[in-house]
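# What the coordinates show
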Amino acid sequence: MIKDLKILGVGGSPRKNGNTDVLLESFLKGAESAGAKTGKVLLRDYSIEPCIGCERCRKTGTCTRFHDGMSLLYPEIEDAKGLILGSPTYNYNVTAQMKALIDRLYPYYNFTNDRPRRYSSRLAGQGRKAIVFSVCEQLEIEEMGFTLGALGMPFEALGYEIVEKFPVTGYFERGAVSRDEELLRKTFEAGRKMAEILR
């Protein structure tokens, strides 16, 4: 039943009530309109240490080096069949908060012991889907740099199908996207469509 479906929105902006927050809420409202159960995580509210490459998680299957915000987020990610991930563009890439989250997903990989090591994901083969989006002040899509790839590629490697890569250009003022009715309609529809795909 779609009413039991969980879609988790993950916002990587350090700016409260900024454009990333507004769009994330619109995506989630669209998913809710199709009957999906949703949740929202704003990474600025969590303390997440950067991965230090200790590789303890290869033995334990989870990060035991740090007891921080990721201890709360691992179960949320595992429980959600769909993810909606958004980050403003910072220096042609995702924010530090989003990068820390992505790097700390390393425990979900299984590696062989040869070199170079081959890998698989414990999250693969489960029909997981994701939408990734970014907001950039400049009008040219090239100014977004690597952001959408930096969001999408790690989750593809983890076994997610990226159903939409959603660039938003030309916005900087806090919450300015809230005045763009057409953009809000598109994000709402994208969220609704994702929920229906996951049905």
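Keep in mind the model is a prediction, meaning the values are calculated, not measured.

## Details of the overall build of the chain
Helix and strand counts for the chain stand at six helices and seven strands. Relative to its length of 199 residues, the chain is compact, with a C-alpha radius of gyration of 17 Å against a globular reference of 16 Å. Buried positions account for 46% of the 199 residues belonging to the chain. In the chain, the share of contacts with a sequence separation of at least 24, taken over all contacts with a separation of at least 6, comes to 77%. Split by element, the accessible area of the chain, about 10200 Å² in all, is 49% carbon and sulfur. In the chain, 29 positive and 26 negative side-chain charges are present, and the distance between their average locations comes to 7 Å.

## Observations concerning the pairing of strand β6 (residues 129–136)
In terms of burial, β6 is largely enclosed, as eight of its eight residues are buried. The side-chain alternation of β6 yields two buried faces, one formed by Lys129, Ile131, Phe133 and Val135 and the other by Ala130, Val132, Ser134 and Cys136. One ladder, built from seven bridges, connects strand β3 (residues 82–88) with β6; its direction is parallel. Residue pairing across strands places Pro88 opposite Val135, the latter belonging to β6. Relative to strand β7 (residues 161–169), β6 runs parallel, the two sharing eight bridges. Across the sheet, the residue bridging to Val135 is Val168, located in β7. Following the chain from β6 across helix α5 (residues 147–157) to the adjacent parallel β7, one finds a crossover that is right-handed.

## Looking at the nonpolar core
Leu85, Met98 and Phe155 are the most contacted members of the largest nonpolar core, which has 33 residues in total. Breaking this core down by element, the ones donating at least two residues are β1 (6–11), α3 (69–79), β3, α4 (96–103), β6 and α5. If sequence neighbours within four positions are ignored, Leu85 has contacts with Val10, Met98, Ala130, Ile131, Val132, Phe133, Leu151 and Phe155. Core analysis: the second largest hydrophobic core is formed by 24 residues, Ile7, Leu28, Ala36 and Ala176 among them.

## Description of the environment of Gln138
Note that Gln138 resides in the loop between β6 and α5. Overall, the relative accessible area of 35% leaves Gln138 in the partly exposed class. Sequence spacing of Gln138 and Val168 is 30 residues, and the spatial spacing of their C-alpha atoms is 9.5 Å.

## Regarding the packing of aromatic side chains
Any two aromatic rings considered together are summarised by their centre-to-centre distance and by the angle between their planes. Under the criterion given, the structure shown has nine aromatic pairs. Geometrically, the ring pair formed by Tyr106 and Phe111 is tilted, given 5.2 Å between the ring centres and 35° between the ring planes. When the centroid spacing of 5.9 Å and the interplanar angle of 45° are considered together, the rings of Tyr109 and Phe111 count as tilted. When its relative accessible area of 22% is taken as the criterion, Phe111 is described as partly exposed. Connected via pairs of aromatic rings, a cluster forms that spans Tyr106, Tyr109, Phe111 and Tyr119. In this arrangement the basic side chain of Arg15 is found over the ring face of Phe172, its NZ or CZ atom lying 4.7 Å from the centre. Here Arg117 stacks its cationic end above the ring of Phe111, 4.6 Å away from the centre of that ring.

The rules behind each value
- Within each chain, residues carry numbers counting from 1 in the order of the written sequence.
- Whole-chain, interface and lining totals are the exception, using all residues; otherwise, since this is a predicted model, local features are given only for residues with pLDDT of at least 70 and side-chain atom pairs are given and counted only at 80 or more.
- Hydrogens and water molecules were not included; the side-chain quantities draw on all heavy atoms of the structure.
- Strands here are runs of E lasting at least two residues and helices are runs of H or I lasting at least four, both read from the DSSP assignment and numbered beginning at the N terminus.
- Within these notes, the globule rule equals 2.2 Å times the number of residues to the 0.38 power, and the radius of gyration is based on C-alpha atoms.
- Only protein chains enter the accessibility calculation, which uses a 1.4 Å probe; a residue whose area is less than 20% of its type maximum is buried, one above 50% is exposed, and one in between is partly exposed.
- Whether two residues are in contact is decided by their heavy atoms: any pair within 4.5 Å suffices.
- The protein chains shown are the only cover counted for residues, whose accessible areas, like all others here, come from Shrake-Rupley with a 1.4 Å probe.
- The convention is simple: Lys and Arg are positive, Asp and Glu are negative, and His and the chain ends are not counted.
- The atom standing in for a charge is NZ when the residue is Lys, CZ when it is Arg, CG when it is Asp and CD when it is Glu.
- Any two strands with at least two DSSP bridges between them are considered paired.
- Seen with the strands pointing away from the viewer, any crossover whose path from the first strand over the helix to the second strand runs clockwise is right-handed.
- Throughout, nonpolar core names a set of buried Ala, Val, Leu, Ile, Met, Phe, Trp, Tyr and Cys residues whose side chains join them through atoms within 4.5 Å.
- The aromatic pairing rule takes the rings of Phe, Tyr and Trp, using the six-membered ring of Trp, and pairs them if the centres are within 6.5 Å, calling planes under 30 degrees apart stacked, those over 60 edge-to-face and the rest tilted.
- Comment: the charge-over-ring label is applied if NZ (Lys) or CZ (Arg) is within 6 Å of the ring centre and within 35 degrees of the ring normal.

What is shown is where atoms sit, not what they do.
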